[in-house]
Amino acid sequence: MKLSIIVPVYQAGKYLEKCIKSILDQTFTDFELILVDDGSNDGSEKICDDYAKKDARIKVIHQKNQGVSSARNAGMNCAEGDYIAFVDADDWIETDMFEQCMDAMEQHKVDIIYHGMTKGIWKADKKVSLQKNIPAVEGVLSKSKLRKYMLKQKEGVAVNCFSYLFSRKIADAVRFDITMPYSEDNMFVMQVLTNAKSYYFLQNCGYHYDARIGSAAYRWQPAMLECYQKTLKATRNFLQSLSFSEQEEQQVMAMRSVESYASLIYNLCLPTCTLSLREKNKILKRARKAFNIDYYKKFYHMDQKNMFEKTKPANKKSRLN
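Since we're looking at a predicted model, the values are computed, not measured.

Novice: Give a detailed account of the pattern of salt bridges, specifying residues and quantitative values.
Specialist: Taken as a whole and assessed by the stated rule, the structure comprises 14 salt bridges. Here Lys-59 makes a salt bridge to Glu-32, at a shortest N to O gap of 2.9 Å. Taken together, the positions of Lys-59 in strand E3 (residues 58-63) and Glu-32 in strand E2 (residues 31-38) put the pair 27 residues apart, joining distant regions of the chain. Note on Lys-59: relative accessible area 26%, which makes it partly exposed. One salt-bridge network, held together by shared partners, links Glu-32, Lys-59 and Glu-80.

Below, the structure written as structure tokens:
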């Protein structure tokens, strides 16, 4: 079984080599590494070419800057592996992460592997590392088991594409939406999860993501409202594919809608947002209606694990019966 690892590269600078080395050092070796240079001019493009000369497993695609969605799509279009994984160019992975993923994939023949991550957050010039999105269970989940898991945990699953390893036959039916400058991986993940029939939850946090000032998550996004509308629709479709009842769907959608609204408020408060107070209020009024907040707020409970509380370390491993 061959794995295609796709890394979109744009002005990755000093972080890129650490990322590439962490992939080349994997104990699982049957992979191709597809580096998609999306118009870099900071030397990242040369780093890609230099590594391709050293390792035959590396493919490099150079294209004009078109955004991360276009870069990931370009990588998928030339992927030859049986499975696909995504790694961001400023992140890195522990040496046995893909071995664990591929062992589970080979043994259980599932459509998707889902794993956690270690998030590095800089505070007062010090980095604090936190384990996030680690599944509460480990093992194979069918659609019916996934539905029970989501209802029991009072939350969905992570929406970062790097938190998954996909069967290519499932992922190939979907592409990243190039019109979305934000939350594009959320949309992609929901669509692929909808098409999948079996999942494996792996309690692994070997993917290291560093939250850095200046990244898309920490910049004002003018199209955030429209992007969230698309992802909420994709989320609803996913829940319906799991045969959620109307009441169950309302509970999950309430959490996602309120959190999307809270995220939008946070984004409007960033220093990079130069809109007037009047313009901000106008956007929030539109969002309140678009996200149906006045309806969903009665289904939302503050004791649920929300986006501001997901930095808590994972509990001890448990297994599905």
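Novice: How would you explain the packing of helix H8 (residues 224-241) against helix H9 (residues 246-268) if you had to name every residue and give the values?
Specialist: For the pair H8 and H9, interaxial distance at closest approach is 11 Å and the crossing angle is 165 degrees. Taken together, H8 and H9 sit at an angle that is classed as roughly antiparallel. Crossing hand, H8 versus H9: right-handed. Note on element contacts: H9 touches H8 through Glu-249, Val-252, Met-253, Arg-256, Ser-257, Ser-260, Ser-263, Leu-264 and Asn-267, opposite Met-224, Tyr-228, Leu-232, Thr-235, Arg-236, Leu-239 and Gln-240.

Novice: I'd love a proper account of the packing of H9 against helix H10 (residues 277-290), names of residues and values included.
Specialist: It is at 11 Å that the axes of H9 and H10 come closest, and there the two elements cross at 170 degrees. Here H9 is positioned roughly antiparallel relative to H10, judged by the angle of their axes. On H10, the residues touching Tyr-261, Leu-264, Ile-265 and Leu-268 of H9 are Lys-280, Ile-283, Leu-284, Ala-287 and Arg-288. Looking at the contact of H9 with H10 residue by residue, the classes come out as seven nonpolar, no polar and two charged.

Novice: Go over the packing of aromatic side chains with me, naming the residues and quoting the values.
Specialist: On inspection of all chains with the given rule, the structure shows 14 aromatic pairs. Where Phe-86 meets Phe-176, the ring centres are 5.4 Å apart and the plane angle is 90 degrees; that geometry is what we call edge-to-face. Remark: Phe-176 occurs in the loop between helix H6 (168-171) and helix H7 (184-195) and Phe-86 occurs in strand E4 (residues 83-86); sequence separation between them is 90 residues. By relative accessible area, which is 2% here, Phe-86 ends up buried.

Novice: An account of the environment of Ser-260 is requested, with residue identities and associated values reported.
Specialist: Summarising the element assignment, Ser-260 is placed in helix H9. Classification of Ser-260 as buried rests on a relative accessible area of 8%. As a C-alpha pair, Ser-260 and Thr-231 span 29 residues in sequence and 9.7 Å in three-dimensional space. When sequence neighbours within four positions are dropped, the list of residues in contact with Ser-260 reads Tyr-228, Leu-232 and Phe-291. A distance of 2.8 Å separates the side chain of Ser-260 from the backbone oxygen of Arg-256, its partner in a polar contact.

Novice: Describe in detail unusual backbone geometry, supporting the description with residues and values.
Specialist: For Gln-11, which is not glycine, the phi dihedral falls at a positive 50 degrees. For Ser-183, which is not glycine, the phi dihedral falls at a positive 65 degrees. Tracing the backbone through its elements, the reader meets Ser-183 in the loop between H6 and H7. Residue classification places Ser-183 among the buried positions, given a relative accessible area of 10%.

Novice: How would you sum up H8? Please name residues and give values.
Specialist: In this model H8 runs 26 Å from its N-terminal to its C-terminal C-alpha over 18 residues, within 8% of the 26 Å that 1.5 Å per residue would give. Considered for burial, the residues of H8 that qualify are Met-224, Leu-225, Cys-227, Tyr-228, Thr-231, Leu-232, Ala-234, Thr-235, Phe-238 and Leu-239. Buried residues along H8 sit against helix H5 (143-153), H7, strand E11 (198-202), H9 and H10. Backbone geometry just after H8 places Ser-243 at a positive phi near 65 degrees.

Novice: Pulling in residues and values, what's your account of the nonpolar core?
Specialist: Counting residues in hydrophobic clusters, the biggest one holds 65 residues, and the most contacted among them are Phe-86, Leu-146, Phe-166, Phe-188, Leu-193, Tyr-199 and Phe-201. Counting residues in each nonpolar core, the second largest holds 39 residues, with Phe-28, Ala-89, Tyr-207 and Tyr-209 among its members.

Novice: Explain the sheet that holds strand E1 (residues 3-9) to me, and be specific about the residues and the numbers.
Specialist: Strand order across the open sheet formed by eight strands is E3-E2-E1-E4-E10-E6-E11-E9, with mixed pairing between neighbours. Pairing within the sheet leaves two strands with one partner each, and these edge strands are E3 and strand E9 (139-142). Looking at each pair of strands side by side, their axes are set apart by 20 degrees on average, direction ignored. Of the pairings in the sheet, the one linking strand E6 (residues 112-115) to strand E10 (residues 164-167) comprises three bridges and is antiparallel in character. Bridged to Ile-112 within E10 is Phe-166.

Parameters and conventions
Residues numbered from 1 in each chain as written. Predicted model: local features only at pLDDT ≥ 70, side-chain atom pairs only at ≥ 80, totals over all residues. Heavy atoms only, no water. Salt bridge = Lys/Arg side-chain N within 4 Å of Asp/Glu carboxyl O. Helix = DSSP H or I, 4+ residues; strand = E, 2+ residues; numbered from the N terminus. Buried < 20%, exposed > 50% of the residue type's maximum accessible area, 1.4 Å probe, protein only. Axes fitted to C-alpha atoms, helices over the stretch in contact; angles between N-to-C directions. Parallel < 35°, antiparallel > 145°, perpendicular 65-115°, else oblique. Left-handed = near helix turned anticlockwise from the far one by under 90°. Contact = heavy atoms within 4.5 Å. Nonpolar A, V, L, I, M, F, W, Y, C, P; charged D, E, K, R; others polar. Phe/Tyr/Trp six-rings, centres within 6.5 Å; stacked < 30°, edge-to-face > 60°. Polar contact = N/O pair within 3.5 Å; in protein donor to acceptor, adjacent residues only side chain to side chain. Expected span 1.5 Å × (residues − 1). Core = buried A, V, L, I, M, F, W, Y, C linked by side-chain atoms within 4.5 Å. Pairing = 2+ DSSP bridges.

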